[in-house]
There are 4 protein chains.
Amino acid sequence: MSFNTFGHLFRVTTFGESHGVAIGCVVDGCPPLIPLTEADIQGDLDRRRPGQSRFTTQRQEADQVKILSGVMVHPETGVQVTTGTPIALLIENTDQRSKDYSDIQNKFRPGHADFTYEAKYGIRDYRGGGRSSARETASRVAAGAIARKVIAGMTVRGALVQIGPHKIDRDKWDWDEIGNNPFFCPDKDKAAFYADYLDGIRKSGSSIGAVVEIVAEGVPAGLGAPIYAKLDGDLAAALMSINAVKGVEIGDGFASAELTGEQNADEMRTGNHGPAFLSNHAGGILGGISTGQPVVARFAVKPTSSILTPRKTVDRTGHDTEILTKGRHDPCVGIRAVPVGEAMVACVLADHLLRHRGQVGG
Amino acid sequence: MSFNTFGHLFRVTTFGESHGVAIGCVVDGCPPLIPLTEADIQGDLDRRRPGQSRFTTQRQEADQVKILSGVMVHPETGVQVTTGTPIALLIENTDQRSKDYSDIQNKFRPGHADFTYEAKYGIRDYRGGGRSSARETASRVAAGAIARKVIAGMTVRGALVQIGPHKIDRDKWDWDEIGNNPFFCPDKDKAAFYADYLDGIRKSGSSIGAVVEIVAEGVPAGLGAPIYAKLDGDLAAALMSINAVKGVEIGDGFASAELTGEQNADEMRTGNHGPAFLSNHAGGILGGISTGQPVVARFAVKPTSSILTPRKTVDRTGHDTEILTKGRHDPCVGIRAVPVGEAMVACVLADHLLRHRGQVGG
Amino acid sequence: MSFNTFGHLFRVTTFGESHGVAIGCVVDGCPPLIPLTEADIQGDLDRRRPGQSRFTTQRQEADQVKILSGVMVHPETGVQVTTGTPIALLIENTDQRSKDYSDIQNKFRPGHADFTYEAKYGIRDYRGGGRSSARETASRVAAGAIARKVIAGMTVRGALVQIGPHKIDRDKWDWDEIGNNPFFCPDKDKAAFYADYLDGIRKSGSSIGAVVEIVAEGVPAGLGAPIYAKLDGDLAAALMSINAVKGVEIGDGFASAELTGEQNADEMRTGNHGPAFLSNHAGGILGGISTGQPVVARFAVKPTSSILTPRKTVDRTGHDTEILTKGRHDPCVGIRAVPVGEAMVACVLADHLLRHRGQVGG
Amino acid sequence: MSFNTFGHLFRVTTFGESHGVAIGCVVDGCPPLIPLTEADIQGDLDRRRPGQSRFTTQRQEADQVKILSGVMVHPETGVQVTTGTPIALLIENTDQRSKDYSDIQNKFRPGHADFTYEAKYGIRDYRGGGRSSARETASRVAAGAIARKVIAGMTVRGALVQIGPHKIDRDKWDWDEIGNNPFFCPDKDKAAFYADYLDGIRKSGSSIGAVVEIVAEGVPAGLGAPIYAKLDGDLAAALMSINAVKGVEIGDGFASAELTGEQNADEMRTGNHGPAFLSNHAGGILGGISTGQPVVARFAVKPTSSILTPRKTVDRTGHDTEILTKGRHDPCVGIRAVPVGEAMVACVLADHLLRHRGQVGG
């Protein structure tokens, strides 16, 4: 994690502001000879795309990705593959409404990064949040689609497991339900509840937080580079870097603070394919290294601060004032964070797979 | 965060195993002309040192730090100062009992990193956990003592806020109490309760988890480098890298998932020294950049897996067996994680201070 | 220097192949509030652009740069400035002739990277050299234009000082002549000679090597981060990374091997502005840190291997064959390496300026 | 190359000053299960050790290396092997004479880093050059000994090929002669000449420059990570970082500036083991990637500036003065740079081997 680049061997550098010409990224270090087309990436982008239901921002972006470099049609197979050189991806910004930004140009929106960007840089791109806009996460999702191909054999899936105080019923978890509702929710009944609940939030001009869970299956034992590139450490950084995320946990997470050693440690027994764990409180990571069990990470997303209720703030000239954020916003930004979380986990796993192969081989 | 090094401009590389010759670290990038003696570091190390109460491991280590490089007596002032070159710190391992490790040599202790290190490297240092031992954190605390000098004017303090299901009463928070009990607990009454509670845990040969909170005050607005070196992202990686940590949160953390936008966003008013926030749900960070408010981070520490109850496991030859971890261990490893957490936060702040100065100046 | 990124605080990531959709780069870490327009960058690009004389490749590329992110019009001054966020630059490839590449597709051109890219990646973009084409250097020049603004007050200029065995007369060095001939040659008479000499090389279908010298003036004393980020070490990496470069030297360089200690070390005397050196054998760098004198670096560029004489080679199926490289190529690639060398030096200085400010301040 | 660390996957961090307690390094990322003892490292250190002939400094250092971490006796084979964790190496400084440094404490020695360290850091360790002393290179040689084990199958050897204006006769190159003279000279006759020549230099209190050549054989095709981690770029940085080095070249180096395309490009023919080159002007690297031929690098070492002739300089208070460097110094520091150059090349190759394996596998 370094400035606008993340990863060591599988490296992603993103660029772009919400209302600039374009956003995009450069994926460096991708292994060669992996089949890759724009369609492979577009699928993941479409899952994240706004405006697909009344529960996400009505901003209409085609989010059409274009591959600028790093691939070519294999002269023998005729299949477009990666070449081992950097893959640049471009997504043009098409819905940059020439709206009136004068209000947020001069006032700091509470809960947003307006004040801090200006404190740091002495200037901020006030148009739609600029670099701090969640729009940047489209680049991550695009990079994540490539990462998924690098970790072929592993499956990375995400689910919304809580909105406001309302948690899903884990006994009703059904991955097949994820695509059947606009919340990426694996609990069919709770999804129905969320629809009503969020309608209320949306109509009142308010917003609400959420918790997202990412599960990676098929992760081989041995990924992770202690001490300061532990798999969980890198996951924590990757997930915390997503807009509005305020907490990250692995396996039992904060609940493990309440457990005894007997309750927490996962016992082992010989299985058909070597040592097997009898439970997964650890979330698939011990000592910063994957155990071979599913890697389980969760993150908390705060409610968006763009609400229709006037809020106290100050303006750039140092006077007290109020602000009310109109415009197209998500009542629950946690929803669209699901594919973003998947992408980050996929990127971290791809990076660690290559790093492991580098140091240890195999 | 990269392998055994963390930080970009203020860089710390640690080395050493629990039962090897020595542990230590190299602190690179420290600004010159900062007064620094071994005593400055020893104070922090002593706070972390085991064997100081019956609630931490009885391993007896002097943990005497030695500065090998990077300082000299200033020819004019006669004060020993940093020179801008790498500061190497050495802590010899003095209590390496020649105990019988044959049991854990051949069996994987549940909840420990035994299985994963062996899966990754094909070998593991079974003596006291080797590199995965919490002993490594002494190097972090030593580095953190130097970091504190780099961020002069900022104060980084930690507190134990929960053991098992028992949280402190935040209304009773008194920083002065931290040094009055062996738990770094700011709530005098809860500290008394913890003493009894942990005695029970200890006598039963069990262990219990905990939650630690770190508060950094005096942090100027503007630290943090979006998008992938956000201050909270780096804090998350740093804290998650501590042994046994399973969750990290900033400000309201996971609780923010339950809040509405009205409840969560911190309003602002003009203060005596510029814009001021009326609350701190954000934990001092917005958009990955410090707000000028106290930076508040919490992390969950799982119970140590070294307990006196026999646990199911497998041995290296693939047979089912049981293991029971004797020896000197902490009933609640979260306690000693407090100074470690402080050190990690101090190091992250030092790094970001230098990075900010590099890009933006000032 | 890391994969397709160089620099630590001022970081440049380039992407793109010779005959792909576009090339470009992401400049990360640029300080905010620096005035920057596309015109600022275009000037440097135009100096490097091919097809400007009969001595460089006749490939016709507009090399029109487009800024995709990282700038905005300052709301108060109306001047477009950097915002501190990543600046993405795009240069579309407009002259991708649909020529017949079947010959070089199947044969390895001697002296080119055909064999090694294929050995490394199992595939290579044979169209115009792909990633190994000198076209990539346009991205560097664009980034260098931004770097120049970061190091305002320093001047970085390059000159061609040797073509084949013919060196310039240093007594006739006149920076004003650089723009008066198509060789960036500071010696007017030698430039006239080069014109005739290169005509002969060109007409015979051959090519010739060259030496380029870069001089940076106004560099403050103190830049450089020993031991492994010495200013000269970073310059060596940066210049050696330019296509066809086979040697780099600082100050007296290889000639210093023939000197005695008396001849080589630059003596000092008190000057008007502090200590002053009486000579500059060191090329402005001692112990990896700038002295305050002009930084002087030179690099040798081999002749391009694209010549009209048939050469022995093998094809991808392992058979002996011959190849003759037709097409648009430079008789002396060293010429266009001059602005590229300037750009690399400017980028290294910008990076070190920010790093120095980070660690030491000021 | 980053501050006091070099390498990406095989990472070396060095520390220590000439007259401090100790010097040493941390080697991070070394693959596990490689047999390694202190004796393996000591052999290389002894080749670099000063005081072995009258042609190198008479400083007497045992240079005894101690492994502090990262190895253990394999429980099954009884052989001490690497564990995959950081290997810390310590070399104590034993010959720190309490001599009078008052002269160099206050005066800047011409040609040394005295002025620049003070300009950068505001302080410098004047005792024996501090961090800028060639003593630091002992740490590199120690790390290089480990790197050699990582690149088993490759051979890295160095030779002194020029002292002052006197070059060896390449037709007389005999690697077996390297160990038969105190110059690492492969030309027996020239070695005899050098003995007389350097005696004259030494007795006159002067010093002289040199050129060193490093040849790595057995390097597989495919190592190197274009564009900004080219094998030659990394070699250039690594070799330029050695004390007193002012120039680096690969293959024909600066001589290639005088060649035509016909003369320079290495033709190919099918060999017994795949494509083979008919010459090696490229020095084993094309497009930044190894060709499978021997990698050939050369570097120029300036004469040490510590000479017995008084030289003009200024003191720290800004007054003109003279200085004469007494003490134990090398008449030709290029000699001891030979094993250091080997170590740097071995480290770069180890790093690139792991990186290549990471991205491409195999």
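For chain A, UniProt supplies the name Chorismate synthase and the organism Rhodopseudomonas palustris. According to the UniProt record, the Catalytic activity comment for chain A is "5-O-(1-carboxyvinyl)-3-phosphoshikimate = chorismate + phosphate". According to UniProt, the comment filed for chain A under the heading Subunit is "Homotetramer."

Student: Help me understand the relation of the copies chain C and chain D, please; the structure alone is not making it clear to me.
Tutor: One copy of the chain maps onto the second through a rotation about an axis and a displacement along it. Rotating chain C by 180° about the axis while translating it 0.0 Å along that axis superimposes it on chain D, leaving an RMSD of 0.0 Å. Both chain copies can therefore be described as sitting about a two-fold axis. Most of the interface of chain C is mirrored in chain D: 100% of its interface residues are interface residues there too.

Student: Please explain empty space enclosed by the protein as it appears in this structure.
Tutor: Gaps left between atoms show up when a probe the size of a water molecule is rolled over them. Estimates place the volume of the second largest cavity at around 120 Å³. Tallied by class, residues from the lining of the second largest cavity come to 5 nonpolar, 5 polar and 6 charged.

Student: How do you make sense of the UniProt feature "binding site: NADP(+)" in chain A when you look at a structure like this?
Tutor: Residues and elements named next belong to chain A. Those residues carrying the UniProt feature "binding site: NADP(+)" are Arg-48 and Arg-54 in this numbering. With respect to the element layout, Arg-48 can be found in helix H1 (residues 38–48). In this structure Arg-48 comes out as buried when scored by relative accessible area, which is 2%. Not counting the four nearest positions on each side in its chain, Arg-48 is found in contact with Asp-63, Ala-134, Arg-135, Thr-137, Ala-138, Val-141, Arg-336, Pro-339 and Val-340.

Student: I'm lost on the sheet that holds strand E8 (residues 155–163) of chain B in this one. Help?
Tutor: The strands that make up a sheet pair up through hydrogen bonds in the backbone, lying either parallel or antiparallel. In spatial order, the strands read E9(A)-E8(A)-E10(A)-E16(A)-E11(A)-E11(B)-E16(B)-E10(B)-E8(B)-E9(B); together these 10 strands make up an open sheet with antiparallel pairing. Across the chains shown, the open sheet's two edge strands, defined by having one partner strand only, are strand E9 (166–167) of chain A together with strand E9 (166–167) of chain B. Examined bridge by bridge, strand E10 (residues 210–217) of chain A and strand E16 (residues 295–301) of chain A share 7 bridges and lie antiparallel to one another. Note on E16 of chain A: the bridge partner recorded for Val-211 of chain A is Ala-300 of chain A. Along the sheet, helix H6 (residues 231–240) of chain A contacts strand E11 (245–250) and E16 of chain A together with strand E11 (245–250) of chain B; its crossing angle with E11 of chain A, the most-contacted strand, is approximately 155°. Across the sheet, helix H8 (residues 337–360) of chain A lies against strand E8 (155–163), E10 and E16 of chain A, angled at about 140° from E8 of chain A, the strand it touches most.

Student: I tried to follow the interface of chain A and chain B on my own but got confused; where do I start?
Tutor: How big an interface is tends to be stated in terms of accessible area lost as the parts join. In this assembly, 107 residues from chain A lie in contact with 108 residues from chain B. On the chain A side of the contact with chain B, Lys-120, Tyr-228 and Lys-246 of chain A bury the most area, a combined 11% of that side's loss. Where chain A packs against chain B, one counts 4 salt bridges. Residues Arg-311 of chain A and Glu-267 of chain B are paired through a salt bridge, measuring 3.6 Å at the closest nitrogen-oxygen approach. Counting the contacts that link chain A with chain B gives 59 residue pairs in polar contact (both at pLDDT 80 or more). When its residues are assigned to classes, the side of chain A that touches chain B shows 48 nonpolar, 39 polar and 20 charged. Judged from the 3 bridges that link them, E11 of chain A and E11 of chain B form a sheet pairing that is antiparallel. Counterpart to Glu-249 of chain A in the pairing with E11 of chain B is Gly-247 of chain B.

So, how was this worked out
Residues numbered from 1 in each chain as written. Chains lettered and ligands numbered in written order. Predicted model: local features only at pLDDT ≥ 70, side-chain atom pairs only at ≥ 80, totals over all residues. Heavy atoms only, no water. UniProt positions renumbered as here; feature names shortened; annotations may be inferred. Least-squares fit on C-alpha atoms with pLDDT ≥ 70 in both. Contact = heavy atoms within 4.5 Å. 1 Å grid on protein atoms, 1.4 Å probe; cavity = no way out; pocket = protein on both sides within 12 Å on 5 of 7 lines; lining within 4 Å. Points joined across faces, edges and corners; volume = space filled by probe spheres on them. Nonpolar A, V, L, I, M, F, W, Y, C, P; charged D, E, K, R; others polar. Helix = DSSP H or I, 4+ residues; strand = E, 2+ residues; numbered from the N terminus. Buried < 20%, exposed > 50% of the residue type's maximum accessible area, 1.4 Å probe, protein only. Pairing = 2+ DSSP bridges. Axes fitted to C-alpha atoms, helices over the stretch in contact; angles between N-to-C directions. Buried area = accessible area lost by both parts, 1.4 Å probe. Salt bridge = Lys/Arg side-chain N within 4 Å of Asp/Glu carboxyl O. Polar contact = N/O pair within 3.5 Å; in protein donor to acceptor, adjacent residues only side chain to side chain.

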